[in-house]
Amino acid sequence: MPLIPLRPLLEAAVKHGFGQGAFNVNAVAQAKAAIEVHEMFRSAAILQGADLANGFMGGRTDFMNATLEDKKAGAKNIANAVKRYGADSEIPIVLHLDHGRDFDSCAAAIEGGYTSVMIDGSSLPFKDNVELTREVVKYAHARGVSVEGELGVLAGVEDHVFSASSTYTNPLDAVEFFKKTGVDALAISYGTMHGASKGKDVKLRKEIPVAIRECMNHLGIFGALVSHGSSTVPKYIVDEINGLGGELSGTYGISIDELKAAIPCGISKINVDTDIRLAVTRNMKELFAKYPEKRTSASIGGIYELLEAKKNLFDPRVFLPPVMDTVMYGNVPDDDVAAIVDCVERGVKEVVGTLIVQFGSVGKAPLVEQVSLDEMAERYKKMEQ
Ligand SMILES: [Zn+2]
């Protein structure tokens, strides 16, 4: 199936009341594994590339400095991988830009083949956020591409998204934002947090999505709510990493029960990135522990050195630069690199499979309408009238 925009998937999630996980991909192998595990559970899929992940996939290992050209190249690499593994798939797949930082980043992703984009204007004053988001909506919808905005500030670190403290989303502002911008989805701040240190026993303010949903229903406006920073940070994986010589501390996620309780309160899309990073990192550490001869491998020995040098980190992008050809294009030159690819794929499947089941998108793929971008562009045009 060709990729679909986010909108039909959100419509199904809202109508049938299930939670849909959205998972970040930073390598070809991650895209392949994420598609396979969604297929296995007959769930539709949202794969997302963060703005800077596109830079990484464009070959910038120092992705914090990625230029627009790097991001364009990377967006193409991710889109090509998703199309390659998704083309014959029986499930609907969305390729979504996570935290697009400006209009140009969104346009670059769309040009690369993304079918949905997020424009994160949450650091701007309300009026400016509305204006920027409207501009992206106008451009994206004309091409059948869906748009997610953000209102309210989440604490934590996620690539360039950083904030020391959070401000909960005001439900009245959220409804106003939907009305003024025409976005398909809105990321709200209701207690989640980016990164792996969310604090112990986080309780979500589920009254916020309830209030927004209720008003939207009364007004007859469509709009789905998105939960960012929703990794569960599985304790067993953190413990395993530390058992293998890792030095992770102060790591807490959002409990599965809190996330599951947020779904009937109006949360439709749930973003998870950290959990995947943790599982992949553990698998790589395990590989080198089990097969010490691989530590000096000509092709992957450099990964071992990085894992050893940065024991307090768990972002595979920090460790994978020695195999960028594999990351960007999926090339597997030898058995050692194949072993690393296997670490990546199993890590994705363990985490994504668990959350597909927990969030309830198992078996929901047939409920999602297969809509082409051209058809979606027509629908958006009609909605405006
Ligand atoms: Zn986010």
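Coordinates for the structure precede this section.
As a starting point, this report considers the structure included with it.

Reading the values: the criteria
- Residues numbered from 1 in each chain as written.
- Predicted model: local features only at pLDDT ≥ 70, side-chain atom pairs only at ≥ 80, totals over all residues.
- Heavy atoms only, no water.
- Helix = DSSP H or I, 4+ residues; strand = E, 2+ residues; numbered from the N terminus.
- Rg over C-alpha atoms; globule rule 2.2 N^0.38 Å.
- Buried < 20%, exposed > 50% of the residue type's maximum accessible area, 1.4 Å probe, protein only.
- Contact = heavy atoms within 4.5 Å.
- Areas by Shrake-Rupley, 256 points an atom, 1.4 Å probe, with all protein chains shown as cover.
- Phe/Tyr/Trp six-rings, centres within 6.5 Å; stacked < 30°, edge-to-face > 60°.
- Lys NZ or Arg CZ within 6 Å of the ring centre and 35° of its normal.
- Pairing = 2+ DSSP bridges.
- Axes fitted to C-alpha atoms, helices over the stretch in contact; angles between N-to-C directions.
- Polar contact = N/O pair within 3.5 Å; in protein donor to acceptor, adjacent residues only side chain to side chain.
- Right-handed = clockwise from strand over helix to strand, strands pointing away.
- Salt bridge = Lys/Arg side-chain N within 4 Å of Asp/Glu carboxyl O.
- Left-handed = near helix turned anticlockwise from the far one by under 90°.
- Nonpolar A, V, L, I, M, F, W, Y, C, P; charged D, E, K, R; others polar.

1. Notes on the overall build of the protein
Phase 1: On a plain count of helices and strands, the protein comes out with 16 helices and ten strands.
Phase 2: Here the C-alpha radius of gyration of the protein, 20 Å, is about what a compact globule of 385 residues would show, namely 21 Å.
Phase 3: In the protein, buried positions account for 59% of the 385 residues.
Phase 4: Considering only contacts in the protein between residues 6 or more positions apart, those separated by 24 or more positions represent 75%.
Phase 5: Carbon and sulfur atoms form 52% of the exposed surface of the protein, whose accessible area is close to 14,900 Å².

2. A short note on the packing of aromatic side chains
Phase 1: Counted according to the given criterion, the structure contains four aromatic pairs.
Phase 2: Taking 5.2 Å as the distance between ring centres and 70 degrees as the angle between the ring planes, the aromatic pair formed by phenylalanine 103 and tyrosine 139 counts as edge-to-face. Of this pair, phenylalanine 103 sits in helix H5 (residues 103–112) while tyrosine 139 sits in helix H6 (residues 126–141), and the two are 36 residues apart along the sequence.
Phase 3: Classification of phenylalanine 103 as partly exposed rests on a relative accessible area of 22%.
Phase 4: For tyrosine 139, a relative accessible area of 26% translates into the label partly exposed.
Phase 5: Between the aromatic rings of phenylalanine 126 and phenylalanine 177, the centroid separation amounts to 6.1 Å while the plane-to-plane angle is 70 degrees, which identifies the pairing as edge-to-face. Of this pair, phenylalanine 126 sits in helix H6 while phenylalanine 177 is found in helix H7 (residues 171–181), placing the two residues 51 residues apart along the sequence.
Phase 6: Take phenylalanine 177: its relative accessible area is 0%, and that puts it in the buried class.
Phase 7: Taking the ring centre of phenylalanine 63 as reference, the NZ or CZ of arginine 317 above it sits at 4.2 Å.

3. Digging into the sheet that holds strand E3 (residues 93–100)
Phase 1: As summarised here, the arrangement of the eight strands in space is E1-E2-E3-E4-E5-E8-E9-E10, forming a closed barrel in which the pairing is parallel. Going from strand to strand, the sheet's axes swing by 25 degrees on average, the running direction of each strand aside.
Phase 2: The sheet contact formed by strand E4 (residues 116–119) and strand E5 (residues 146–151) spans three bridges and is parallel. From the neighbouring strand, valine 117 faces E5, where its bridge partner is valine 147.
Phase 3: Its contacts with the sheet put H6 on E4 and E5, and the angle it makes with E5 is roughly 170 degrees.

4. Describing the side chain of asparagine 24
Phase 1: In this fold, asparagine 24 is placed in strand E1 (residues 20–24).
Phase 2: Overall, asparagine 24 belongs to the buried group, its relative accessible area being 3%.
Phase 3: At 3.2 Å, the side chain of asparagine 24 forms a polar contact with the side chain of glutamine 48.
Phase 4: Among the polar contacts made by the side chain of asparagine 24, one reaches the side chain of aspartate 98 at a distance of 3.2 Å.
Phase 5: Once you skip the residues sitting within four places of it in the chain, asparagine 24 turns out to touch Gln30, Gln48, Ala50, Asp98, Val272, Asp273 and Ile276.

5. Quick look at the pairing of E4
Phase 1: Of the two faces of E4, the one lined by Ser116 and Met118 and the one lined by Val117 and Ile119 are each fully buried.
Phase 2: Pairing analysis gives three bridges linking E3 to E4, with the strands arranged parallel. The residue of E4 that forms the bridge with histidine 96 is serine 116.
Phase 3: Each parallel crossover has a hand, and for E3 linked through H5 to E4 it is right-handed.
Phase 4: Where the polypeptide runs from E4 across H6 and back to E5, its parallel neighbour, the crossover connection is right-handed.

6. Topic: the pattern of salt bridges
Phase 1: Under the counting rule described, the total for this entry stands at 25 salt bridges.
Phase 2: The salt bridge partner of glutamate 176 is lysine 180, with a shortest N-O separation of 3.3 Å. Residue glutamate 176 and its partner lysine 180 are both found in helix H7; the two are separated by four residues, about one turn of the helix.
Phase 3: Given a relative accessible area of 29%, glutamate 176 falls into the partly exposed group.
Phase 4: Residue lysine 180 is classed as partly exposed on the basis of its relative accessible area, which comes to 40%.
Phase 5: Close ionic contact of glutamate 308 with lysine 311 constitutes a salt bridge, the shortest N to O distance being 3.7 Å.
Phase 6: Salt bridges sharing partners connect three or more residues here, namely Lys32, Glu36, Glu345 and Lys349.

7. A word on the packing of H6 against H7
Phase 1: At a minimum axis separation of 9 Å, H6 and H7 run at an interaxial angle of 35 degrees. Our pair here, H6 against H7, has a crossing hand that is right-handed. Between H6 and H7, the contacting residues are Phe126, Asn129, Val130, Thr133, Arg134 and Val137 on the first element and Asp173, Glu176, Phe177, Lys180 and Thr181 on the second.
Phase 2: Its residues assigned to classes, the contact of H6 with H7 comprises four nonpolar, three polar and four charged.

8. Observations concerning the pairing of strand E2 (residues 45–50)
Phase 1: Judged by how many residues are buried, E2 sits mostly within the fold: six of six residues are covered.
Phase 2: Residues of E2 alternate between two faces, with Ala45, Leu47 and Gly49 on one and Ile46, Gln48 and Ala50 on the opposite face, all of them buried.
Phase 3: As defined by bridge partners, E1 adjoins E2 across three bridges and the pair is classed as parallel. Within E2, the residue paired with asparagine 24 across the bridge is glutamine 48.
Phase 4: Regarding topology, helix H2 (residues 28–40) serves as the crossover connection from E1 to the parallel E2, and that connection is right-handed.
Phase 5: Here E2 runs beside E3; their pairing, made up of six bridges, is parallel. Bridge pairing links leucine 47 to leucine 95 in E3.

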